[in-house]
Amino acid sequence: MISTCLPSHKSVLVAILFTFLFIPASRTAFNIFGHNYDKLDQKYGSFTEDMRVEMLDEVRKMFYWSYDSYMKYAFPLDELDPIHCVGRGPDHDNPSNININDVLGDYCLTLVDSLDTLAVLGNVSEFHRAVQLVIEHVSFDKENTVQVFEANIRLLGGLLSAHMLMEDDRNLFGENLRPTWYDGELLQLASDLASRLLPAFQKSITGIPFPRVNLRKGFVDDGAETCTAGAGSLLLELGALSRLLGDPIYESMARRANRALWGARAKTTGLLGNVINAKTGQWVGRLSGLGAGLDSYFEYLLKSYILFGEEEDYSMFNESYSVIKQYLRRGRTHCNSGYGDHPLYVNVDMHSGNTYTYWIDALQASFPAVQVLFGDVEEAICTHAWHYNVWKRYGFLPERFNWQRLSPDVSFYPLRPELVESTYLLYRATKNPFYLHVGREVVLSLNAYAKTKCGYATVHDVLDMSLEDRMESFFLSETCKYLYLLFDVDNPVNQKFSDYLFTTEGHLLPIGDKFRTKPWADSPTPISPVDEMESLFFREKTPKIKINNGTQPTCQAVDEARQYLLPLRTPYYLQLTESLGLKEL
Ligand code: DMJ
């Protein structure tokens, strides 16, 4: 078998030397020398071309198993129930069922969320058919009350991404992606949807949008408590829409929300809480962390800077990252050297920085992807390794894992993408075959436990692998997409990786001068966005542009000698697996 991923003899030698030099003199290290090192290296150090092709095929089948079933049994409803093979729309009988009604709105959600995945899979004919179906079937003139954040990331993001990929003159997926008959209909739909979301912002005197709108009636006075991520992860989509339409209203509303949240950070620590009241601007509770309620807020500060080049977004991210490191991080100082526990980002009291809960949640697993984009690759390796080992303990990531009791506090897994997203970004950053193994384990778990008669189902309880009849649309927009891109090394997205950006729902946005120019004020940002993306990205050893003041990690390259060793050095890796009660070998 020929492998593109196998190391040369020389690099293996250098790598082994490198590891030996860095292994601390401890009993664990002795065990490694005597026992585990070779096996671990064998297990993760290579990934054959045959395995890669096999996995790519598995992921392709996974996507079509789900997508085709959705189209057959559920479309034009929003979601597929993958056990009973029927469609699902909003819960009209029970308006307070926000678990469903926040997301579903009678607008072909899964199809809209899947559009750019079809392009990524190279299925141009189905992409055309899907765009046509969206144009024919999607209307936002509905009596439904939906969550602004969900509508923004899943629908607005899906529509804008498909529109931009068709209109982008770099033709990432070939000139044929734009059908001859396409006349900007998806942009019109996006604009219609965004105008229906506006009342949530306009009715707020604090600037923080209310969490929900009624698509037809506008403002609904049914609660003002919103999570920080919900109110503060709107800028990529709304900013892109503003710049496409030449209408500043959407971007200005999203920026106003970000500034309001930023202004509310705790005076003592600089941390933000995870729930805030949009009417009063007061925090609800004290929890600060990187998971649910906050995750994409940080992601969007950094990604907005990458897309729009506004310094304000970058400095907010930069400062946030410092306080995250200062208050949330526990464990040894450096991921891959020194002594102490494996680093962990915990939930803290936003006012004191004291540990607030002993659980962390599955959404935090997206943070390594943000760290990669920021150039803090060593830290990303560490954060990812922790979540991956929790995954291995159960075969999935429980929604909340209690790191003190070492058991799930909330044990469902709704096919979330976060671990795969970080795995993909880390593979792009390091090219380390370890990450292909991680992806393979994810695929095997999904196929073994979540695959059903007509799709993939939410794991109701990772402890007994019981299932629940729901397949969230992000399974197709993110989980399958990131898995596919992980294994499809020649995919156009991977060839032009620094020219495109993923939204928090995994939708591709082209980075370009178009978004660096505000059509309502002719002052283009004087930095080429592509250059800047590269400078933010890890493998550029000598960045062309210095993007921060030197106090933060940027553009770290992972030493080539380590490419075929565990990215988290072996003793630390074994320390982690042991601390989570796992036996690696
Ligand atoms: C997705 O809708 C997005 O990734 C969002 O940022 C978080 N929740 C889901 C996936 O878990």
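Residues numbered from 1 in each chain as written. Predicted model: local features only at pLDDT ≥ 70, side-chain atom pairs only at ≥ 80, totals over all residues. Heavy atoms only, no water.

1. Details of the overall build of the protein chain
- Each helix and strand in the protein chain was counted, giving 22 helices and 20 strands.
- Relative to its full complement of 585 residues, the protein chain shows a buried share of 63%.
- Here the contacts in the protein chain between residues at least 6 apart in sequence split such that 71% fall between residues at least 24 apart.
- Roughly 21,300 Å² of accessible area belongs to the protein chain as shown, and the carbon and sulfur atoms make up 51% of that amount. (Helix = DSSP H or I, 4+ residues; strand = E, 2+ residues; numbered from the N terminus. Buried < 20%, exposed > 50% of the residue type's maximum accessible area, 1.4 Å probe, protein only. Contact = heavy atoms within 4.5 Å. Areas by Shrake-Rupley, 256 points an atom, 1.4 Å probe, with all protein chains shown as cover.)

2. As for the environment of P492
- On the secondary structure map, P492 appears in helix α19 (residues 492–495).
- The spatial distance from the C-alpha of P492 to the C-alpha of G122 is 9.3 Å, given a sequence separation of 370 residues.
- Sequence-distant contacts of P492, defined by excluding residues within four places in its chain, comprise L172 and F173.

3. Some details on the state of the cysteines
- Evaluated as defined, the whole model comprises 2 disulfides.
- Across a sulfur-sulfur distance of 2.3 Å, C85 and C454 are joined as a disulfide pair. Between C85 and C454 the disulfide shows an S-S torsion of about -110°. By sign, it is left-handed. Of this pair, C85 sits in the loop between β1 (79–81) and β2 (86–88) while C454 is found in the loop between β15 (451–452) and β16 (455–456), placing the two residues 369 residues apart along the sequence. With respect to class, C85 is no different from C454; both count as buried. (Disulfide = S-S within 2.5 Å.)

4. Considerations on the side chain of T423
- Mapping T423 onto the fold places it in helix α16 (residues 418–430).
- The class for T423 is buried, based on a relative accessible area of 1%.
- Looking at T423, its side chain comes within polar contact range of the main-chain oxygen of L419, at 2.6 Å.
- Discounting residues that sit within four places of it in the chain, T423 has contacts with H384, Y435, V438, G439 and L486. (Polar contact = N/O pair within 3.5 Å; in protein donor to acceptor, adjacent residues only side chain to side chain.)

5. As for helix α13 (residues 311–328)
- Here α13 is 18 residues long and its end C-alpha atoms lie 25 Å apart, about the 26 Å a rise of 1.5 Å per residue gives.
- Of all the residues in α13, the buried ones are D313, Y314, M316, F317, N318, S320, Y321, V323, I324, Y327 and L328. (Expected span 1.5 Å × (residues − 1).)

6. Comments concerning the sheet that holds strand β12 (residues 359–361)
- Here 3 strands make up an open sheet; going across it, the order is β12-β13-β14 and the pairing antiparallel. The open sheet terminates on both sides in strands that have one partner only, identified here as β12 and β14 (407–410). Ignoring which end each strand starts from, the neighbouring axes of this sheet average 35° apart.
- Strand direction decides the pairing type here: strand β13 (residues 400–402) and β14, joined by 3 bridges, are antiparallel. Each residue of the ladder has a partner; that of R400, found in β14, is V410. (Pairing = 2+ DSSP bridges. Axes fitted to C-alpha atoms, helices over the stretch in contact; angles between N-to-C directions.)

7. Focus: the sheet that holds strand β4 (residues 212–214)
- Reading across from one edge, β3-β4-β5 is the order of the 3 strands in this open sheet, with antiparallel pairing throughout. With one partner strand each, in any of the chains shown, β3 (145–147) and β5 (218–219) form the two edges of the open sheet.
- Two elements, β4 and β5, share 2 bridges in a ladder whose sense is antiparallel. Bridge pairing links N214 to G218 in β5.
- Helix-sheet contacts for helix α8 (residues 185–202) involve β4 and β5, and the interaxial angle to β4 is about 125°.

8. Some details on the site of the ligand
- As a structural note, the neighbourhood of the ligand is formed by I153, L363, R416, P417, E418, F474, E478, T504 and E505.
- E418 has a polar side-chain atom sitting 2.7 Å from an oxygen atom of the ligand.
- One of the side-chain nitrogen or oxygen atoms of E505 is found 2.5 Å away from an oxygen atom of the ligand.
- Considered on its own, the ligand offers 290 Å² of accessible surface; in the complex 94% of this is hidden by protein.
- In the shell around the ligand, the residues fall into 4 nonpolar, 1 polar and 4 charged. (Near = heavy atom within 4 Å. Nonpolar A, V, L, I, M, F, W, Y, C, P; charged D, E, K, R; others polar.)

9. Description of the UniProt feature "active site" (unreviewed entry) in the protein chain
- The UniProt entry lists E150, D295, E399 and E418 under the feature "active site" (unreviewed entry), expressed in the numbering used here.
- Structurally, the position occupied by D295 is in helix α12 (residues 295–308).
- The contact partners of D295, leaving out residues within four places of it in the chain, are A229, L290, L363 and S366.
- Structurally, E399 can be placed in the loop between α15 (377–394) and β13.
- In this structure, E399 is in contact with I360, D361, A362, V410, F412, P414 and R416, ignoring residues within four places of it in sequence. (UniProt positions renumbered as here; feature names shortened; annotations may be inferred.)

10. Focus on the nonpolar core
- Ranked by size, the top nonpolar core spans 183 residues in total, and within it L111, L186, L446 and F487 carry the most contacts.
- For this core, the leading source of residues is helix α7 (residues 148–167), giving 12 residues.
- Other than its neighbours up to four places away in sequence, L186 contacts L115, V131, V134, I135, L159, A162, H163 and M166. (Core = buried A, V, L, I, M, F, W, Y, C linked by side-chain atoms within 4.5 Å.)

11. Re α7
- Along α7, the helix axis deviates most sharply at G157, where the bend reaches about 30°.
- Across the 20 residues that make up α7, a large majority, 19, are buried. (Bend = angle between axes of the 7 residues up to and from the residue.)

12. Some points on the packing of aromatic side chains
- Following the criterion strictly, the structure yields 32 aromatic pairs and no others.
- On the numbers, 5.8 Å between centres and 65° between planes, the contact of Y345 with F367 is edge-to-face. Highlighted residues: Y345 in strand β10 (residues 344–345) and F367 in helix α14 (residues 367–374), separated in sequence by 22 residues. Take Y345 and F367: they sit in the same class, and that class is buried. (Phe/Tyr/Trp six-rings, centres within 6.5 Å; stacked < 30°, edge-to-face > 60°.)

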